[in-house]
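The residues making up each chain are set out below.
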Amino acid sequence: MTDNTDTLHQPDLAPPMKRIALVAHDQEKAELLDWARYNRALLQRHELYATGTTGMLLEQDLAVPVHKLQSGPLGGDQQIGARIAEGALDLLIFFWDPLHAHPHDPDVRALLRIAVLWNIPIACNRASADYMISSPLLAGLYQRQRPRHDADQDRPIDGRATA
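Only a predicted model underlies this, so the values are computations on that prediction, with no experimental measurement involved. (Residues numbered from 1 in each chain as written. Predicted model: local features only at pLDDT ≥ 70, side-chain atom pairs only at ≥ 80, totals over all residues. Heavy atoms only, no water.)

J.: Explanation requested: the packing of helix 4 (residues 76-85) against helix 5 (residues 105-117) in the structure shown.
T.: For any two helices packed against each other, one specifies the inter-axial angle together with the distance between the axes. It is at 9 Å that the axes of helix 4 and helix 5 come closest, and there the two elements cross at 15°. By the angle class used here, helix 4 and helix 5 are roughly parallel. As for how helix 4 packs across helix 5, the hand of that crossing is left-handed. Contacts from Asp-77, Gln-78, Ile-80, Gly-81 and Ile-84 of helix 4 reach helix 5 at Asp-107, Val-108, Leu-111, Ile-114 and Ala-115. For the contact of helix 4 with helix 5, the per-class residue count stands at six nonpolar, two polar and two charged. (Axes fitted to C-alpha atoms, helices over the stretch in contact; angles between N-to-C directions. Helix = DSSP H or I, 4+ residues; strand = E, 2+ residues; numbered from the N terminus. Parallel < 35°, antiparallel > 145°, perpendicular 65-115°, else oblique. Left-handed = near helix turned anticlockwise from the far one by under 90°. Contact = heavy atoms within 4.5 Å. Nonpolar A, V, L, I, M, F, W, Y, C, P; charged D, E, K, R; others polar.)

Below is the structure:
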């Protein structure tokens, strides 16, 4: 009998101190820094992660600790995505540039895909980031539903089980 539990959800309790990833393309870094300055008091209550230069700029400008990963094009977007898949991040604030193509566009798409796949809130511009950061859910316990993907993990390949 096949168990189709991929549509069921398992709870994932996000603590009051959230783990927030902050990412910005070069043309959007000034906007993200301005937004972060405005929200410094809220951001300093949480654990911050950022890719490359964005992390360095945030840490210097806000005087708050930031877990700095690789630059986006050097694998930082993938590092953020891996942490999302592991359940180690609670929110993604990603100010990306919709007007310019980037050599690492497949990585950007993969990061956005992984955030949607694992039901992580994503803010892609200042307005959505404002809504997210001001939500009462940010300050308290939040029971996010993590999708289960058992059917994909246990699907047979050439008639053989993958588990």
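We are not done yet, so read on.
J.: Would you mind going over the packing of helix 1 (residues 29-38) against helix 6 (residues 126-133) with me for this structure?
T.: One way to put it is that helix 1 packs onto helix 6 with a least axis distance of 11 Å and a crossing angle of 25°. Compared by their axis directions, helix 1 and helix 6 come out roughly parallel. The hand of the helix 1/helix 6 crossing is right-handed. In this structure, helix 1 uses Glu-31, Asp-34, Trp-35 and Tyr-38 to contact helix 6, whose residues at the interface are Arg-126, Ala-129, Asp-130 and Ile-133. Residues that form the contact of helix 1 with helix 6 fall into these classes: four nonpolar, no polar and four charged.

J.: I tried to follow the pattern of salt bridges on my own but got confused; where do I start?
T.: Two side chains carrying opposite charge are able to pair once their charged atoms lie near each other. Evaluated as defined, the whole model comprises seven salt bridges. In this structure, Glu-31 engages Arg-126 in a salt bridge whose closest nitrogen and oxygen atoms are separated by 3.3 Å. Highlighted residues: Glu-31 in helix 1 and Arg-126 in helix 6, separated in sequence by 95 residues. Classification of Glu-31 as partly exposed rests on a relative accessible area of 32%. The partner of Glu-59 in a salt bridge is Lys-68, with the nearest N and O atoms 2.6 Å apart. (Salt bridge = Lys/Arg side-chain N within 4 Å of Asp/Glu carboxyl O. Buried < 20%, exposed > 50% of the residue type's maximum accessible area, 1.4 Å probe, protein only.)

J.: Help me understand the environment of Arg-126, please; the structure alone is not making it clear to me.
T.: A residue is classified by how much of its surface remains accessible, and Arg-126, at 23% relative accessible area, is partly exposed. In the structure, Arg-126 is positioned 90 residues away from Ala-36 in sequence and 9.9 Å away in space, judged by C-alpha atoms. Setting aside residues up to four positions removed in sequence, Arg-126 forms contacts with Glu-31, Asp-34, Trp-35, Tyr-38 and Phe-95. A polar atom in the side chain of Arg-126 sits 3.3 Å from the side chain of Glu-31. (Polar contact = N/O pair within 3.5 Å; in protein donor to acceptor, adjacent residues only side chain to side chain.)

These values are about where atoms sit, not about what they do.
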